[in-house]
Amino acid sequence: MNLVDTRGRTLRDLRISITDRCNFRCRYCMPKEIFNREYEFLQRELLLSFEEITRLTRVFTKLGVDKVRITGGEPLLRKGVETLIASLGGLGLRDLTLTTNGSLLSRKAESLAAAGLRRITVSLDSLDAKVFAAMNDVDFPVSDVLEGIEAAATVGLTPVKINMVVKRGVNSGGILPMAEHFRGTGHIVRFIEFMDVGVSNGWRLDDVVPAQEILETINDRYPLEPVEPNYKGEVAGRWRYRDGAGEIGVITSISQPFCGDCTRARLSAEGVLYTCLFATGGIDFRGPIRDGASDADLTAMITDIWERRTDRYSEMRSEATVNLPKVEMSYIGG
Ligand code: SAM
Ligand code: SF4
Ligand code: SF4
């Protein structure tokens with residue numbers, strides 16, 4: 001069965017956050033001034049268990065979801081994440097992937113692949129050790145993330161996708177070096193426009209480097225040509241090097257919103273379902289699950305939420321919407 005919202009969009013993807021904690025403090029996501037010792041992260045018993053996540057995901061698959069991305073916070077910090085991957089792997093999904101900051105990847109790539117993970121996305125904002133350390137704000141060395149990417153490729157989590165959030169004047173000088181580094185490796189760098197997710201990252205339009213500018217920077221040196229999307233609703237716009245050295249992507253949430261094709265729902269680590277990355281509220285599933293809701297009850301809840309869905313935040317973004325009380329990226333997942 002397929003669910004269609006008020007704008008004709010089908011429910012296809014589920015992004016599942018499995019923790020709101022992270023060992024990085026990326027300034028555009030979890031700035032230290034807010035995510036400090038006083039910050040109250042979710043207590044363990046409030047997190048959905050792996051059994052609860054798997055059960056709910058199974059219900060989603062019956063409603064048309066065939067693509068799942070595990071995220072966070074930093075998902076590899078959650079103990080036993082491989083167990084979850086293995087049980088989600090049994091649901092017959094078309095795609096099962098995970099987004100990580102790569103800090104634990106060189107240690108975990110093998111067990112993740114063995115558990116049935118098929119692909120992985122690694123966030124990497126700069127190849128410059130100093131810029132990278134300043135962006136993650138915990139002095140994490142870029143060499144460790146690069147090792148993680150290689151480990152992932154070695155065990156076949158390919159193509160590895162590399163997410164670079166571009167902030168003007170912070171890492172924008174690193175666009176070409178990033179493209180250059182991964183050209184010809186088979187990995188796909190995806191350049192992401194800095195977004196006004198949450199309320200704590202001090203977002204300003206002036207800090208955004210529009211995708212067009214990113215593409216021109218690369219195209220001037222390595223000519224590019226557009227590639228057809230893999231499927232309707234694909235988030236990244238695809239481009240390839242004319243000389244055959246591979247592919248890159250751009251995620252244009254600010255300069256060219258793609259709400260019209262948005263087929264994604266997001267589940268927070270504590271089981272709240274959101275139908276937009278920029279939502280100010282969601283619907284709790286943990287309560288009903290722990291109160292004995294049947295699969296039919298959960299199906300009815302999801303159906304009702306999706307059929308009433310009207311979200312198109314990025315198409316309506318304005319100075320006024322930037323200050324709405326939106327959920328944080330580290331809570332809802334990317
Ligand atoms: N911790 C993991 C990681 O960093 O890959 C997974 C969660 S993180 C919230 C998911 C993705 O969101 C990352 O690629 C991150 O760079 C991106 N992200 C976080 N805040 C963002 C923002 N304000 N604008 C654009 N992308 C952002
Ligand atoms: Fe952590 Fe990922 Fe957010 Fe960076 S982007 S602070 S790694 S959750
Ligand atoms: Fe989807 Fe919301 Fe992003 Fe639009 S703003 S693409 S509705 S998540």
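Quick caveat: nothing in here was measured; it's all calculated off a predicted structure. (Residues numbered from 1 in each chain as written. Chains lettered and ligands numbered in written order. Predicted model: local features only at pLDDT ≥ 70, side-chain atom pairs only at ≥ 80, totals over all residues. Heavy atoms only, no water.)

Visitor: Where do I start with the overall build of the protein in this structure?
Guide: Within the protein, the secondary structure is distributed over twelve helices and twelve strands. By its C-alpha atoms, the protein is 60 × 45 × 40 Å across when sized along the principal axes. Burial analysis of the protein (334 residues in total) assigns 56% to the buried set. Considering only intrachain contacts with a sequence separation of at least 6, the fraction spanning at least 24 residues in the protein is 73%. When the accessible surface of the protein is totalled, it reaches about 14,300 Å², and 50% of it is carbon and sulfur. Charged side chains of the protein number 43 positive and 46 negative; the gap between the two group centres comes to 2 Å. (Helix = DSSP H or I, 4+ residues; strand = E, 2+ residues; numbered from the N terminus. Buried < 20%, exposed > 50% of the residue type's maximum accessible area, 1.4 Å probe, protein only. Contact = heavy atoms within 4.5 Å. Areas by Shrake-Rupley, 256 points an atom, 1.4 Å probe, with all protein chains shown as cover. Lys, Arg positive; Asp, Glu negative; His and termini not counted. Charge placed at Lys NZ, Arg CZ, Asp CG, Glu CD.)

Visitor: What is the right way to look at the site of ligand 2 in this model?
Guide: Within the structure, ligand 2 sits among Cys22, Phe24, Cys26, Cys29, Met30, Gly73 and Asn101. For the shell around ligand 2, the per-class residue count stands at five nonpolar, two polar and no charged. (Near = heavy atom within 4 Å. Nonpolar A, V, L, I, M, F, W, Y, C, P; charged D, E, K, R; others polar.)

Visitor: Explanation requested: the site of ligand 1 in the structure shown.
Guide: Neighbouring ligand 1 are 19 residues, the closest being Tyr28, Gly73, Ser123, Asn163 and Met195. One of the backbone N or O atoms of Gly73 is found 3.0 Å from a nitrogen atom in ligand 1. Here a nitrogen atom of ligand 1 and a side-chain polar atom of Asn201 are 3.2 Å apart. If ligand 1 stood free it would expose 550 Å²; the protein chains cover 94% of that surface. At the level of elements, β3 (95-100), β5 (161-166) and β6 (188-193) are the ones that each hand at least two residues to the shell around ligand 1. (Polar contact = N/O pair within 3.5 Å; in protein donor to acceptor, adjacent residues only side chain to side chain.)

Visitor: Help me understand the nonpolar core, please; the structure alone is not making it clear to me.
Guide: In a soluble, globular protein the nonpolar side chains are often hidden away together inside. Membership of the largest hydrophobic core comes to 107 residues, with the highest contact counts inside it found for Ile120 and Phe191. Beyond its immediate stretch of four places on either side in the chain, Phe191 contacts Met164, Val166, Ile175, Met178, Ala179, Ile214, Ile218, Ile248, Gly249, Val250 and Ile251. (Core = buried A, V, L, I, M, F, W, Y, C linked by side-chain atoms within 4.5 Å.)

Visitor: Help me understand the packing of helix α1 (residues 50-62) against helix α9 (residues 295-307), please; the structure alone is not making it clear to me.
Guide: Each packed pair of helices is defined by two parameters, the angle between the axes and the distance between the axes. For the pair α1 and α9, interaxial distance at closest approach is 10 Å and the crossing angle is 60°. One element, α1, and the other, α9, form an angle in the oblique class. By crossing handedness, the relation of α1 to α9 is classed as right-handed. Residues Arg55, Leu56, Val59 and Phe60 of α1 form the contact with α9, whose own contacting residues are Asp295, Leu298, Thr299 and Ile302. Across the contact of α1 with α9, the residue classes break down as five nonpolar, one polar and two charged. (Axes fitted to C-alpha atoms, helices over the stretch in contact; angles between N-to-C directions. Parallel < 35°, antiparallel > 145°, perpendicular 65-115°, else oblique. Left-handed = near helix turned anticlockwise from the far one by under 90°.)

Visitor: It is not clear to me how the environment of Ile175 should be interpreted in this structure. Could you clarify?
Guide: Within the fold, Ile175 resides in helix α6 (residues 175-182). For the pair Ile175 and Ile218, spaced 43 residues apart in sequence, the C-alpha to C-alpha distance is 7.5 Å.

Visitor: Would you explain the pattern of salt bridges in this entry?
Guide: Any two side chains of opposite charge can pair if their charged atoms end up close together. Across all of its chains, the model carries 24 salt bridges by this definition. Close ionic contact of Arg9 with Asp5 constitutes a salt bridge, the shortest N to O distance being 2.7 Å. When sorted by exposure, Arg9 lands in the same class as Asp5, which is buried. The salt bridge partner of Arg309 is Asp5, with a shortest N-O separation of 3.0 Å. Pair noted here: Arg309 is in the loop between α9 and α10 (313-316) and Asp5 is in the segment before β1 (13-17), with a separation of 304 residues, a long-range link. Among the residues examined, Arg309 registers a relative accessible area of 3% and is labelled buried. Look at the salt bridges and you will find they share partners, linking Asp5, Arg9, Arg309 and Asp311 into a network. (Salt bridge = Lys/Arg side-chain N within 4 Å of Asp/Glu carboxyl O.)

Visitor: Teacher, can you tell me more about the pairing of β6 here?
Guide: A large share of β6 lies buried, amounting to six of its six residues. Burial along β6 is two-sided: Ile188, Arg190 and Ile192 and Val189, Phe191 and Glu193, pointing in opposite directions, are all buried. Note that the unit made of β5, α6 and β6 has a crossover that is right-handed. (Right-handed = clockwise from strand over helix to strand, strands pointing away.)

Visitor: For this particular structure, what's the right way to read the side chain of Ser253?
Guide: Its location among the elements puts Ser253 in the loop between β9 (247-251) and β10 (264-267). Ser253 sits in the buried class, given a relative accessible area of 4%. Looking at Ser253, its side chain comes within polar contact range of the side chain of Ser314, at 3.2 Å. Beyond its immediate chain neighbours, meaning those up to four positions away, Ser253 contacts Glu193, Met195, Phe258, Phe278, Ser314 and Arg317.

Visitor: Where do I start with α6 in this structure?
Guide: Because the α-helix completes a turn every 3.6 residues, residues three or four places apart line up on one side. For α6, the complete set of buried residues consists of Ile175, Met178, Ala179 and Phe182. Looking straight down α6, one finds that the buried residues subtend no more than 95° of arc, so they occupy a single side. Each element contacted by the buried residues of α6 is listed here: α5 (142-154), β5, β6, α7 (211-221) and β8 (237-241). Positive backbone phi, at 80°, marks Gly184, one or two positions downstream of α6. (Arc of directions from axis to C-beta.)

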